[in-house]
Amino acid sequence: MTTLLDVDQLRTFVAIAETGSFTRAAEIVHKTQSAVSMQMKRLEERIARELFARDGRASKLTEDGERLLDYARRIVKLNVEAVAAFGTEEFSGRVRLGVPDDYADRYLPEIMARFSRVYPGVELTVYCEPSVDLIARIDRSEIDIAIVTSCDAHRASEIFRQERLLWVTSNRHAIHLDTPLPLALGRPTCNWRQAAMNSLDSMGRTHRLLFSSENAGAISAAVLAGLAISVLPTSGLRPGMRVLTPADGFPELPPCRIGLLRNPHKRSPLADALAGHIVSSLDNLSAGAAAAE
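Residues numbered from 1 in each chain as written. Predicted model: local features only at pLDDT ≥ 70, side-chain atom pairs only at ≥ 80, totals over all residues. Heavy atoms only, no water.

**Student:** Please set out helix H7 (residues 191-202) residue by residue, giving values where relevant.
**Tutor:** Compared with the 16 Å implied by 1.5 Å per residue over 12 residues, the 16 Å span of H7 between its first and last C-alpha is a close match. Within H7 the residues assigned to the buried category are Trp192, Arg193, Ala195, Ala196, Met197, Ser199 and Leu200. Downstream of H7 by a residue or two, Gly204 has a phi angle that is positive, lying close to 75°. (Helix = DSSP H or I, 4+ residues; strand = E, 2+ residues; numbered from the N terminus. Expected span 1.5 Å × (residues − 1). Buried < 20%, exposed > 50% of the residue type's maximum accessible area, 1.4 Å probe, protein only.)

Put into structure tokens, the structure is as follows:
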């Protein structure tokens, strides 16, 4: 008899794989930790393989777990798309999306086009603000769903994408050779700013903050003008920028983890449908992002 996999179990499995924790995954899928553990036990029994290997407090995938992960992501995504395709007449009204402007230029066109094609009668309201402000809006129930740079100190998010965080400069200037090194970075609460400064401090490279802004366009303008260097995720690269590598004296930075936050006070099928389209849309951009690297 053919073994059929449970989509709900696979969704939980993906959450554990991406957070590395049964506890954090339980928050994401809105289940108790014991329910999550039982789901994974049943999934392992269903495929007759061990999926997790304990590594201290973290839950890492076994080789079989890594093999299943790609299938699980595709099955969950197709399930969301199938439900959305046959449920469009049920949705009307408004849904509120938050997205940092670091990602807006790259992500929003595909997300908006895909969502509007399926739900032409739905009003999509978009807020472009830093992740910490979007988290605050979620807490105040002012938006339904937000794309955020993972801020685990504030809230566990549903991680669905990871990009390289890159040192960038103008391809027409050599400002990266200056001492002290001029920087254009986000506001003090920005994770990327903290990662950049910590990295420079650890290698003893003198630097000065020349431009600070929470607006991605302003940061990019300073870089393209050859006034300073900055750090951006792969999706934030612009024509005219050059990536600085260890060969240029700039070490690797921690990856940029991008996740979804949903309004915990008011869950709606429309917001869940938008979440599915966000994940599907960004999957379509993966090839382009890889080419940019």
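**Student:** Tell me about a nonpolar patch on the surface, residues and numbers included.
**Tutor:** Taken together, the side chains of Leu5, Tyr71 and Ile75 make up a nonpolar region of the molecular surface, amounting to roughly 260 Å² of accessible area. With respect to the element layout, Tyr71 can be found in helix H4 (residues 63-85). (Patch = residues over 30% accessible without salt bridge, like charges linked within 9 Å, V, L, I, M, F, W, Y side chains within 5 Å. Areas by Shrake-Rupley, 256 points an atom, 1.4 Å probe, with all protein chains shown as cover. Salt bridge = Lys/Arg side-chain N within 4 Å of Asp/Glu carboxyl O.)

**Student:** Tell me about unusual backbone geometry, and name the residues and values.
**Tutor:** Across the junction of Thr179 and Pro180, the peptide omega takes the value -5°, indicating a cis bond. Mapping Pro180 onto the fold places it in the loop between strand E7 (165-170) and strand E8 (181-185). Residues other than glycine seldom take positive phi values, yet Ala48 does so here, at roughly 55°. Relative to the elements of secondary structure, Ala48 occurs in the loop between helix H3 (33-47) and strand E1 (52-55). The class of Ala48 is exposed, set by a relative accessible area of 56%. In this structure, Ser141 is a non-glycine residue whose phi angle is positive, near 60°. With respect to the helices and strands, the residue Ser141 is situated in the loop between helix H6 (131-139) and strand E5 (145-149).

**Student:** Got a sec to walk through the pattern of salt bridges? Specific residues and values, please.
**Tutor:** Within the structure shown, the criterion is met by 16 salt bridges. Two residues, Arg67 and Asp64, come together in a salt bridge whose shortest N-O distance is 3.3 Å. You can see Arg67 and its partner Asp64 sitting in helix H4, three residues apart, about one turn around the helix. With a relative accessible area of 23%, Asp64 lands in the partly exposed category. Among the salt bridges present, the one from Asp70 reaches Arg74, with a minimum N-O distance of 2.8 Å. In this pair, Asp70 and Arg74 both sit in helix H4, four residues apart, roughly one turn of the helix. Here the salt bridges do not stand alone but share partners, grouping Glu129, Arg137, Arg140 and Glu142 into one network.

**Student:** Before we move on, could you go through the packing of helix H2 (residues 22-29) against H3 and cite the residues and values that matter?
**Tutor:** The N-to-C vectors of H2 and H3 enclose an angle of 100°; their axes lie 9 Å apart at closest approach. Relative to H3, H2 is oriented roughly perpendicular. Contacts between H2 and H3 pair Phe22, Thr23, Ala26 and Val29 from the former with Gln33, Val36, Ser37 and Met40 from the latter. For the contact of H2 with H3, the per-class residue count stands at five nonpolar, three polar and no charged. (Axes fitted to C-alpha atoms, helices over the stretch in contact; angles between N-to-C directions. Parallel < 35°, antiparallel > 145°, perpendicular 65-115°, else oblique. Contact = heavy atoms within 4.5 Å. Nonpolar A, V, L, I, M, F, W, Y, C, P; charged D, E, K, R; others polar.)

**Student:** Pulling in residues and values, what's your account of the side chain of Gln9?
**Tutor:** Relative to the helices and strands, Gln9 resides in helix H1 (residues 7-19). With relative accessibility at 6%, the residue Gln9 sits in the buried group. The residues contacting Gln9, other than those within four sequence positions of it, are Gln39, Met40, Arg42, Leu43 and Arg46.

**Student:** Help me get a handle on the layout of surface pockets, residues and values and all.
**Tutor:** Taken as a whole, the second largest pocket spans an internal volume of roughly 340 Å³. Contributing to the lining of the second largest pocket are 25 residues, with Asp102, Pro130, Cys190, Asn191 and Trp192 lying nearest its centre. If you list the elements that add at least two residues to the lining of the second largest pocket, you get H6, E8, H7, helix H8 (216-224) and strand E10 (230-233). A class-by-class count of the residues in the lining of the second largest pocket yields 12 nonpolar, nine polar and four charged. (1 Å grid on protein atoms, 1.4 Å probe; cavity = no way out; pocket = protein on both sides within 12 Å on 5 of 7 lines; lining within 4 Å. Points joined across faces, edges and corners; volume = space filled by probe spheres on them.)

**Student:** With reference to specific residues and values, describe H2.
**Tutor:** Buried residues of H2: Phe22, Ala25, Ala26, Ile28 and Val29, and no others. Looking straight down H2, one finds that the buried residues subtend no more than 160° of arc, so they occupy a single side. Directly beyond the C-terminal end of H2, a positive phi value near 60° is found at His30. (Arc of directions from axis to C-beta.)

**Student:** So what about the nonpolar core? Which residues, and what values?
**Tutor:** One finds Ile147, Trp167, Leu274 and Ile278 to be the most contacted residues of the largest nonpolar core, which totals 41 residues. In terms of residues, this core owes the most to one element, helix H9 (residues 269-284), which gives seven residues. Those residues in contact with Ile147, other than ones at most four positions away along the chain, are Leu97, Gly98, Val99, Pro100, Tyr103, Ile111, Leu134, Phe160, Ile258, Gly259, Leu260 and Ile278. Ranked by size, the runner-up nonpolar core spans 20 residues in total, among them Leu10, Val14, Val29 and Phe52. (Core = buried A, V, L, I, M, F, W, Y, C linked by side-chain atoms within 4.5 Å.)

**Student:** Could you give me a rundown of empty space enclosed by the protein, with the residues and numbers involved?
**Tutor:** The tally for this structure, following the rule as stated, stands at two cavities of 30 Å³ or more. Here the largest cavity defines a volume of roughly 70 Å³. Together, Arg164, Leu165, Leu166, Trp167, Val243, Leu244, Thr245, Pro246, Phe250, Pro251, Glu252 and Leu253 line the largest cavity. Of all the secondary structure elements, the ones that give two or more residues to the lining of the largest cavity are E7 and strand E11 (241-244). At three residues, E7 tops the list of elements feeding residues into the lining of the largest cavity. Of the residues that constitute the lining of the largest cavity, the class distribution is nine nonpolar, one polar and two charged. Around the second largest cavity, the lining residues are Asp144, Arg262, Asn263, Lys266, Arg267, Ser268, Ala271 and Asp272. Here the lining of the second largest cavity is built from residues that sort into one nonpolar, two polar and five charged.

Bear in mind that shape data such as this cannot, by itself, settle questions of function.
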